[in-house]
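Examining the three-dimensional arrangement
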Amino acid sequence: MPKRGLNKKGTLITQRMLIHLGMFVILGIIWWVLQSKVKAIEKDTEFQRIVLSRDVALLLNTFYTSPGDIEYNYSNNKLQLDKFEFIFEFDSSSVSFIRVKEGALEKIYPYSKPFEAKIPQQVLHPKSIKFLKKNNELEAMKNE
Amino acid sequence: MNKKGAYEAIQSFIYIGAAIFVALAIWQLTNGFIVQKIDIADVESKLLTNRILFSSEVNYFDEEINRLYIVVVDLTKFNSEEFGSKILNEIYYGKINSEASAKLTLKDLDENKEYVSFYNEELYNEKKVLVEARLTGIGSARRLDTNYYVLIKDGNELKKGVLNIDAILPNG
């Protein structure tokens, strides 16, 4: 009577199957990771946040360059400004920052303003931002 | 596991290793193609130069009519001991300014004299060495050297002059 269970050849086949199965699982994981990466890039707004933070910081520096009063409407046709929050920070002991936030994600960039300056301001999800500079004090407000 | 099985297992590990290597290469290439760096150093240094050039701490300000005379350098302000601290407050990047610096050289063309002042002298001296050593990358800095023809207000007299602004900004 033949022995029950797997013979030598059978054991080898099972081992091969397990190895191949493991390979498929690992390849599947790699594929899933790459797909997630591509999707993350598709949705990523890091570039927009970088552009906006630097653009607005340059704009603020330009305002302070001018010795006169300024009224300016900042809009951008290519980037939807209403996706972002703009936070203008000023702390007398450290650098002033513009924070461009989208949810928990943010990008910050420094700008320079005169020492005696207005308190920090926030402009949340604007279609465009209105800047008013009068007597060296700058105000940023939401423009619907 | 017999000899053949062991050989196949090793072969499979090699394939898996190769697959992981290819995946990492794709990952790196993808990251490389995403533009995340925007270089605005040139515009920033031009802006700094203009801020200094248009500053009320550099130019003559007539308090009676509340008017700033741009590119008319007030020699009294320029040579005063408080010039450094006043201009740091005018172009204010915090108490410890690690964002911008400049050396201002005012040449009096009528009398052939030269006056030197600084915006953030400490950072300027620190970064000047790196710029002259032509070091690039994070930690180093960039220079923009610009000359402007100006008028120098020395008392009630106006003289011809050149203001050289040697701006040095650290690489971000």
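One can find the structure itself at the top, above this paragraph.
Residues numbered from 1 in each chain as written. Chains lettered and ligands numbered in written order. Predicted model: local features only at pLDDT ≥ 70, side-chain atom pairs only at ≥ 80, totals over all residues.

**Observations regarding the overall build of chain A**
- A count of helices and strands for chain A gives 2 helices and 7 strands.
- Mapped from its N terminus to its C terminus, chain A presents α and β elements in the order α-α-β-β-β-β-β-β-β.
- Counting all 144 residues of chain A, 19% fall into the buried class.
- Pairs at least 24 apart in sequence give 54% of the contacts found in chain A among residues at least 6 apart. (Helix = DSSP H or I, 4+ residues; strand = E, 2+ residues; numbered from the N terminus. Buried ≥ 20, exposed ≤ 12 C-beta atoms within 10 Å, placed from the backbone. Contact = placed C-beta atoms within 7 Å.)

**Some details on the sheet that holds strand S2 (residues 85–89) of chain A**
Residue and element names in this part refer to chain A.
- Reading across the sheet, the 4 strands line up as S4-S3-S2-S5 and stay open at both edges, with antiparallel pairing between neighbours. Edge positions in the sheet fall to strand S4 (105–111) and strand S5 (121–124), since each has one partner strand and no second. Each strand of the sheet is rotated relative to its neighbour by a mean of 15°, with strand direction disregarded.
- Of the pairings in the sheet, the one linking S2 to S5 comprises 4 bridges and is antiparallel in character. Bridging from a neighbouring strand, glutamate 85 pairs with leucine 124 of S5.
- Helix H2 (residues 46–65) rests against S2, strand S3 (96–102) and S4 of the sheet, and its axis sits at about 25° to S4. (Pairing = 2+ DSSP bridges. Axes fitted to C-alpha atoms, helices over the stretch in contact; angles between N-to-C directions.)

**Some details on the sheet that holds strand S1 (residues 70–74) of chain A**
Residue and element names in this part refer to chain A.
- Read from one edge of the open sheet, 3 strands run S1-S6-S7, paired in antiparallel fashion. In the strand order of this sheet, the two ends are held by S1 and strand S7 (137–143), each with one partner. Across the sheet, the mean angle separating the axes of adjacent strands is 15° when strand polarity is ignored.

**Description of H2(A)**
- Helix length check: H2(A), at 20 residues, gives a terminal C-alpha distance of 28 Å against a target of 28 Å (1.5 Å per residue), a fit within 8%.
- Elements in contact with the buried residues of H2(A): S2, S3 and S4 of chain A together with helix H2 (41–53) of chain B. (Expected span 1.5 Å × (residues − 1).)

Interpretation note: all reported values are geometric properties and have no functional meaning in isolation.
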